[in-house]
Amino acid sequence: MNSGTADTIHEGSQLAIEQGPWRAAPRAQLHVTALFVGEREDPIILKEAGAKYAAAFAPIQLIAGRLVTMPKDDPAMLWIRFRPDRSLNALHMALATSTGTEPSPHRPYWPHITLARAHGGRPNAVDGPIVIEELLLTTLSLFRSIPTPQGTRHEAVCEWPLTGIAPTLRKEGP
């Protein structure tokens, strides 16, 4: 994520983070989650799926990134949640199928950036303003989560450009 976008997200969410018992993710680790795959011993299948589907999907335009807490009834995470997007939903399902990962139970899949997790208390629910009007996803990244005493750190393992040039994966026809 470029620094201008991270700055916009930070400015739009800082007050909510300061007002709750949140442990904020570092700006350098902000990313849109396409699929959460959990703990994996061998990331080879993930790398193969990432390369395959990055070539199959063109850049994805997300819109209306709103500041919200999740889940609604017992907030544990503070998100920038975008409107559902058909392309990201299709990428989510393709990655889940290809990697043997359970897809999100939410249909459609809600694109989001996790900004913070509850820490040391119960936060109030947030259904806030749109913080970022548009976000163009141009890459697909594979992250690994590393637990630390300060919270989970996310580290990029691989990154592929979303090109949409894989002819055997694109739907042909009218």
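Before reading on, note that the structure itself is shown above.
In short, a report on the structure. The structure displayed is predicted, hence computed values, not measured ones.

**Describing the overall build of the protein**
Line of reasoning, step 1. Each helix and strand in the protein was counted, giving three helices and seven strands.
Line of reasoning, step 2. For the protein, the α and β elements follow one another from N to C terminus as α-β-α-β-β-α-β-β-β-β.
Line of reasoning, step 3. A compact globule built from 174 residues would reach a C-alpha radius of gyration of about 16 Å, and the protein, at 16 Å, matches this within 12%.
Line of reasoning, step 4. Projecting the C-alpha coordinates of the protein onto the three principal axes gives extents of approximately 50 × 40 × 30 Å.
Line of reasoning, step 5. Burial status across the protein gives 39% buried among its 174 residues.
Line of reasoning, step 6. Within the protein, counting contacts between residues at least 6 apart in sequence, those at least 24 apart form 74% of the total.
Line of reasoning, step 7. Only carbon and sulfur atoms are counted for the fraction: they give 52% of the accessible area of the protein, which is about 10,300 Å².

**Here's the deal with the environment of Ile60**
Line of reasoning, step 1. Tracing the backbone through its elements, the reader meets Ile60 in strand E2 (residues 60–70).
Line of reasoning, step 2. For the pair Ile60 and Pro26, spaced 34 residues apart in the sequence, the C-alpha separation amounts to 24 Å.
Line of reasoning, step 3. Setting aside residues up to four positions removed in sequence, Ile60 forms contacts with Asp85, Ser87, Leu88, Leu91, Leu135, Leu136, Leu137 and Leu162.

**Here's the deal with the pairing of strand E7 (residues 151–161)**
Line of reasoning, step 1. Summarising the sheet, strand E6 (residues 139–148) and E7 pair through ten bridges and their orientation is antiparallel. Residue pairing in the sheet places Ser141 in a bridge with Glu159 of E7.
Line of reasoning, step 2. Joining the antiparallel neighbours E6 and E7 is a turn of two residues.

**Looking at unusual backbone geometry**
Line of reasoning, step 1. Pro71 follows Met70 through a cis peptide bond whose omega is -20 degrees.
Line of reasoning, step 2. Within the secondary structure layout, Pro71 lies in the loop between E2 and strand E3 (77–81).
Line of reasoning, step 3. Here the residue pair Arg107 and Pro108 is connected by a cis peptide bond, since its omega of -5 degrees sits within 30 degrees of zero.
Line of reasoning, step 4. Relative to the assigned elements, Pro108 resides in the loop between helix H3 (86–99) and strand E4 (112–118).
Line of reasoning, step 5. Although it is not a glycine, Ala64 adopts a positive phi angle of roughly 60 degrees.

**Observations concerning the pairing of E4**
Line of reasoning, step 1. The element E4 is extensively covered by neighbouring structure, given that five of its seven residues are classed as buried.
Line of reasoning, step 2. Inspection of the sheet shows strand E1 (residues 22–24) paired to E4 by three bridges, in the antiparallel sense. Of the residues in E4, the one forming a bridge with Trp22 is Ala118.
Line of reasoning, step 3. Relative to E4, E3 runs antiparallel, the two being bridged by five bridges. Across the sheet, the residue bridging to Met77 is Arg117, located in E4.

**Brief notes about the sheet that holds E3**
The pairing of strands in a sheet comes from backbone hydrogen bonds and takes either a parallel or an antiparallel form.
Line of reasoning, step 1. Pairing within the open sheet is antiparallel, and its five strands lie in the order E1-E4-E3-E2-E5. Each having just a single partner strand, E1 and strand E5 (127–137) make up the two edges of the open sheet. Averaged over all pairs of adjacent strands, the angle between their axes in this sheet comes to 30 degrees, without regard to strand direction.

Analysis parameters
- Residues numbered from 1 in each chain as written.
- Predicted model: local features only at pLDDT ≥ 70, side-chain atom pairs only at ≥ 80, totals over all residues.
- Heavy atoms only, no water.
- Helix = DSSP H or I, 4+ residues; strand = E, 2+ residues; numbered from the N terminus.
- Rg over C-alpha atoms; globule rule 2.2 N^0.38 Å.
- Buried < 20%, exposed > 50% of the residue type's maximum accessible area, 1.4 Å probe, protein only.
- Contact = heavy atoms within 4.5 Å.
- Areas by Shrake-Rupley, 256 points an atom, 1.4 Å probe, with all protein chains shown as cover.
- Pairing = 2+ DSSP bridges.
- Axes fitted to C-alpha atoms, helices over the stretch in contact; angles between N-to-C directions.

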